[in-house]
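# Reading the structure
In case you want the letters, here they are:
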Amino acid sequence: MIPKISLEQWAAFKAVVDEGSFAKAAEALNKSQSAVSYAIAKLEEQLPTPVLTQQGRKAVLTEAGKQLYRHATDLLAQAATIENTAKYLASGWESEVTIAVDALFSMGAVFCALQHFSVSSPQTRLRILETTLSGTEEALLGRKADLVLTGTIPPGFSGTRLGEVSMIPVVGQQHPLVQLMQQSGPITEQELGRHRQIVLRDTGTKREQSSGWLRAEQRWTVTHAATSIEAVKNGLGFAFLPKEKILQELEAGSLIEVALAEKMERFISLYLIKTERQNAGPATQAIAQQLIERYGKPHPKCVT
C-alpha cells in the first residue's frame, strides 16, 4: 500500500504544532505560508477526523491530532535515519563490523572503546564473537571477523600489542587449599594438581588446545569465562584466570590467589589484528584506533 499522505505534509503538520502557527512553521521550513497551509489542507483531506483546531491565532492539536503527532514525529525521524544511513554507506563505511574477542580480554575495556566509536558512527552495526584459544585463531584464519583480539599472532599476520594479562592460580575463600596455605605456606605444583581444575573450553572446531591445564587429576570444563569465575568462587576447584578480569573478586576476598612454591604466574601479550590489514574499511580502522587508544589505559572514561 502506497501512503496517500506525503512526508512533506507530515513535516508541515509537525512544524505547525512545534512552532504554534502557520506563519512560524513556514519560516522554520523555509517555505511560503500558503505552501504550508496547502500541505495541511491536503493532509486533512486524507484523514477521517481533524488534527488541528484554531484557537485565536494559535493552531492547537485535537485529541486525534495528539496521537498522530507522535506517529508523525517517529515517521520523520525514521526517514531522516534512512537518509543518513544512505549517505553513510555511500561514503564507504561498512554497515557491519565483526570483532572476535578472546576470553583473555577485559570486556569492560573493549566495550568502552566500542562505545566511543558508536557515538560518532551509530549506523555501523557491531557483532562480537566471544572466542577462546584456537577458536580465536580460526576466526582470523577463516576471515570470520574483521578485527581479532588475541593472545597469539599466527604466522603470516602482524598485530598491534595492546598490553598484557597476568594469569594467576586462584581458589574460592572456602577451598581446602586456603587452609593448607595458612598451615604450611606456599603450595607445590603436585599439591595443586591433586585438586579439581576448572578449565575454559576451547571454542575451536578444528583442533582443541588446553592452555593452562596442569593435567590435574580432576578437571571440569566450562564454556564461558564468567562461569569459570563463578565455579571457582563457589569452591568447585582452582583455575588460572586473567588477573585483570578478577580484580574486584580478589579485593573482596571471594577469590584467593594461590601462593605457589615455584612461581607459575604467566604473562600473555594481548594483540589487535586486522584480518584484512591492507583492505580494512574506514569503520574497521576507526574501531581499531579506539581500541589502541583506550585498551589497557588506567581508568578509561566511557561515554554514555
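Residues numbered from 1 in each chain as written. Predicted model: local features only at pLDDT ≥ 70, side-chain atom pairs only at ≥ 80, totals over all residues. Heavy atoms only, no water.

### A word on the packing of helix H1 (residues 7-19) against helix H2 (residues 22-29)
For any two helices packed against each other, the geometry is given by the interaxial angle and the distance between the axes. The N-to-C vectors of H1 and H2 enclose an angle of 120 degrees; their axes lie 8 Å apart at closest approach. Overall, the two elements H1 and H2 adopt an arrangement that is oblique. Judged by the sense of rotation from one axis to the other, the crossing of H1 with H2 is right-handed. On H2, the residues that touch Ala11, Ala12, Ala15, Val16 and Glu19 of H1 are Phe22, Lys24, Ala25, Ala28 and Leu29. Across the contact of H1 with H2, the residue classes tally to 8 nonpolar, no polar and 2 charged. (Axes fitted to C-alpha atoms, helices over the stretch in contact; angles between N-to-C directions. Helix = DSSP H or I, 4+ residues; strand = E, 2+ residues; numbered from the N terminus. Parallel < 35°, antiparallel > 145°, perpendicular 65-115°, else oblique. Left-handed = near helix turned anticlockwise from the far one by under 90°. Contact = heavy atoms within 4.5 Å. Nonpolar A, V, L, I, M, F, W, Y, C, P; charged D, E, K, R; others polar.)

### Quick word on the pattern of salt bridges
Going through the model one piece at a time under the given rule, you end up with 9 salt bridges. Among the salt bridges present, the one from Glu8 reaches Lys31, with a minimum N-O distance of 3.1 Å. Separated by 23 residues along the polypeptide, Glu8 in helix H1 and Lys31 in the loop between H2 and helix H3 (33-46) bring together distant segments of the chain. Of the charged contacts in the structure, one is a salt bridge between Arg127 and Glu96, with a shortest N-O distance of 3.7 Å. Taken together, the residues span a long stretch of sequence, with Arg127 in strand S4 (residues 125-131) and Glu96 in strand S3 (residues 96-102) at a distance of 31 residues. Classification of Arg127 as partly exposed rests on a relative accessible area of 39%. Counted as one network, the salt bridges with shared partners bring together Glu96, Arg125 and Arg127. (Salt bridge = Lys/Arg side-chain N within 4 Å of Asp/Glu carboxyl O. Buried < 20%, exposed > 50% of the residue type's maximum accessible area, 1.4 Å probe, protein only.)

### Some thoughts on the environment of Arg143
Positionally, Arg143 belongs in the loop between helix H6 (134-141) and strand S5 (147-150). By relative accessible area, which is 44% here, Arg143 ends up partly exposed. Taking the C-alpha atoms as reference, Arg143 lies 8.3 Å from Glu276; in sequence the two are 133 residues apart. Apart from residues lying up to four places away in sequence, Arg143 is in contact with Glu138, Phe157, Thr275 and Glu276.

### A few points about the pairing of strand S1 (residues 52-55)
One ladder, built from 4 bridges, connects S1 with strand S2 (residues 58-61); its direction is antiparallel. Each residue of the ladder has a partner; that of Gln54, found in S2, is Ala59. Turn length for the S1-S2 hairpin, with the two strands adjacent in sequence and antiparallel, is 2 residues, and the turn residue Gly56 shows positive phi of about 70 degrees. (Pairing = 2+ DSSP bridges.)

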